[in-house]
Amino acid sequence: MKKVGILTLTNTLNYGGTLQAVALNKTIKKMGMNPVNVICTKPPKAWRSARTYLRERVRLYGCQGIYAKIRICGGIVKTLISNIHYFDVKLKMKKFDMFINDNIITTPYCEDEEKLKKEYSNYDAYIVGSDQVWNTMFFGGDFFAPFFLNFTCSGSPCYSYAASVGGKKEDQYIQEIISRTKHFEKITVREKSLEIQMKHLGSTNVMTVLDPTLLLGKKEWEKFEKKPEKIFPEKYILVYYLEKDSVKDELIKKLSEELNLPVINLMPIYQKTNYPCFVDKTAGPAEFLYYVHHANYIITNSFHMVVFSLIYHKKFIALEREAQESRVIDLLNTVHLNERYIKSIRESGKIMEDYEDVLPLLEAEKKRSLEFLKSIEEK
C-alpha cells in the first residue's frame, strides 16, 4: 500500500481548513493508499498575545500612514477582547482536536526542516494542499518552506492538490511559486484564475481541480454531523463571516425580516452584530456540518461555507470579502451560479434553490479531480 504524506493547514480553528484535510485524507484512503498528515504548522493558542499580533502585522503591512496605524490598533483591541472568551476558545479547540484525531492519522508537530528530512522523507509520494498553503499572509509575509516539499527524497514524487494563494496576486508572487515547485510531478490548484496566471507565466504542468470537500457527497458528510447541545430554533438563517463587514448587517437584518426567520451566527466570537441573533461560540466541525445541513438559508463570505452550501443544496448568497473574492467567484463560475455572488441588498431577491443544472457540472469536475488523485496511486 502506497504511503502518502499530506501537508496542509490542519492545525487551525477554521472549519474549512479542517474539513478539507479530512476530505482529502478520506478520498485518498478510498483509493487504496495510506495517507498520513504531516503536521508542520504551529498549533493554535487559546490565549492571544497582543504583542505577537503587533509584531506580525507591522512586519506584514508596515506601520506607515494613519490608515495602517488605525488598522493595527483596531486589531490589537480585537485580540485583547477575544481573550475574554478564553474558555469558549478552549472548548472549541477541544472539539477540533477530537474531530481530527477521530478521522485522520497525523504525525506529531514538526516544523524543523532537518527533522522533517530525517523523520518524514521516506514516503512513497507527497501532496501539499488543499487550502491556502501558498498564501504568505499566514506566515508573516514569507512563503512557508515545508509547503514546497523541499525536505523530501529525490525519488519520491511531489504533487499539489487544489493549492490556493487565497486571492489575486501579482505576477512576481506567482513566479516565485513556479520557481519553488519545479521539482513537482504535477501542480493542481483550486482556482481557475490561478491556473491561467501560472500558464501565462510559463508553467506547463498545472491544472485546476475541485476543493477536496467536494469529493465527498452529501450522504458521506452527514455521517460526520453532530447535533449541537445548544437549543436553537429549528428553522433559521445561518450566517458565517470571516473578516466581517458590518455594512452587510443591514442585508442580514432585511432578509431575516422578509423570510421571518431568526439568525444563527457562527462568526468569530468577538464580533458584534447590529441585528438580533443566536450565537454558537464553541461549535466544532461536526456541529458546523449539522448547522449547514439544517439551515433554511445561508449568508456568508467564506469559500468553504459556499462549498458546503453547494454540497447540501442550500439557498445561499456569497458576499464580498476583501482580497479573497477570486476563490468564490471562480467556484461559482464553474457551476454557473454567478448570481449567488452579490454586492448589495438590491441583488438579494433573485436567489433560487434549483440545483438541477449544477450537479452535472460538479460531477464532471469531480471525475477529473479523482482521476488526478488516482494517477498518484498508479504511478
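Scroll up a little and you will see the structure.
Residues numbered from 1 in each chain as written. Predicted model: local features only at pLDDT ≥ 70, side-chain atom pairs only at ≥ 80, totals over all residues. Heavy atoms only, no water.

Draft legend 1. Region of the structure containing the pattern of salt bridges. Throughout the structure, instances matching the rule amount to 13 salt bridges. With its nearest N and O atoms 2.7 Å apart, the salt bridge here joins Glu176 to Arg180. You can see Glu176 and its partner Arg180 sitting in helix H6 (residues 171–180), 4 residues apart, about one turn around the helix. Residue class for Glu176 comes out partly exposed when judged on its relative accessible area of 32%. Taking the relative accessible area as the measure of exposure, Arg180 reaches 30% and is therefore partly exposed. The shortest N-O distance in the salt bridge between Glu195 and Lys192 comes to 3.1 Å. Residue Glu195 and its partner Lys192 are both found in helix H7 (residues 192–200); the two are separated by 3 residues, about one turn of the helix. Classification of Glu195 as buried rests on a relative accessible area of 6%. Assessed through its relative accessible area of 42%, Lys192 is described here as partly exposed. (Salt bridge = Lys/Arg side-chain N within 4 Å of Asp/Glu carboxyl O. Helix = DSSP H or I, 4+ residues; strand = E, 2+ residues; numbered from the N terminus. Buried < 20%, exposed > 50% of the residue type's maximum accessible area, 1.4 Å probe, protein only.)

Draft legend 2. Seen up close, the side chain of Asn37. Within the secondary structure layout, Asn37 lies in strand S2 (residues 34–37). Every residue in contact with Asn37, bar those within four places of it in the chain, is listed here: Ile6, Thr8, Thr10, Ala21, Asn25, Ile104, Ile105, Thr106 and Thr107. (Contact = heavy atoms within 4.5 Å.)

Draft legend 3. Spotlight on the sheet that holds strand S10 (residues 297–300). Read from one edge of the open sheet, 6 strands run S9-S8-S7-S10-S11-S12, paired in parallel fashion. Among the strands making up the open sheet, the edge pair consists of strand S9 (278–279) and strand S12 (341–342). Relative to strand S8 (residues 263–265), strand S7 (residues 237–240) runs parallel, the two sharing 3 bridges. Bridging across to S8, Ile237 finds its partner in Val263. (Pairing = 2+ DSSP bridges.)

Draft legend 4. Just the packing of aromatic side chains, in detail. A complete count under the given rule lists 23 aromatic pairs for this structure. Seen in terms of ring centroids, Phe139 and Phe144 are 4.7 Å apart; in terms of plane orientation they differ by 10°. Their pairing is stacked. When its relative accessible area of 9% is taken as the criterion, Phe144 is described as buried. Here the aromatic residues Tyr15, Phe96, Phe99, Trp221, Phe224, Tyr240, Phe288 and Phe308 are joined through ring pairs into a cluster of three or more. (Phe/Tyr/Trp six-rings, centres within 6.5 Å; stacked < 30°, edge-to-face > 60°.)

Draft legend 5. Representation of the environment of Cys277 within the structure. Looking at the secondary structure, you find Cys277 in the loop between S8 and S9. Since its relative accessible area comes to 27%, Cys277 is described here as partly exposed. Setting aside chain neighbours within four positions, we find Cys277 in contact with Val263 and Asn265.

Draft legend 6. Structural detail: the environment of Lys3. Along the chain, the position of Lys3 falls in strand S1 (residues 3–7). Here the alpha-carbon distance between Lys3 and Gly32, two residues 29 residues apart in the chain, equals 9.8 Å. With sequence-adjacent residues up to four places away left out, Lys3 is seen in contact with Asn34, Val36, Tyr123, Asp124 and Ala125.

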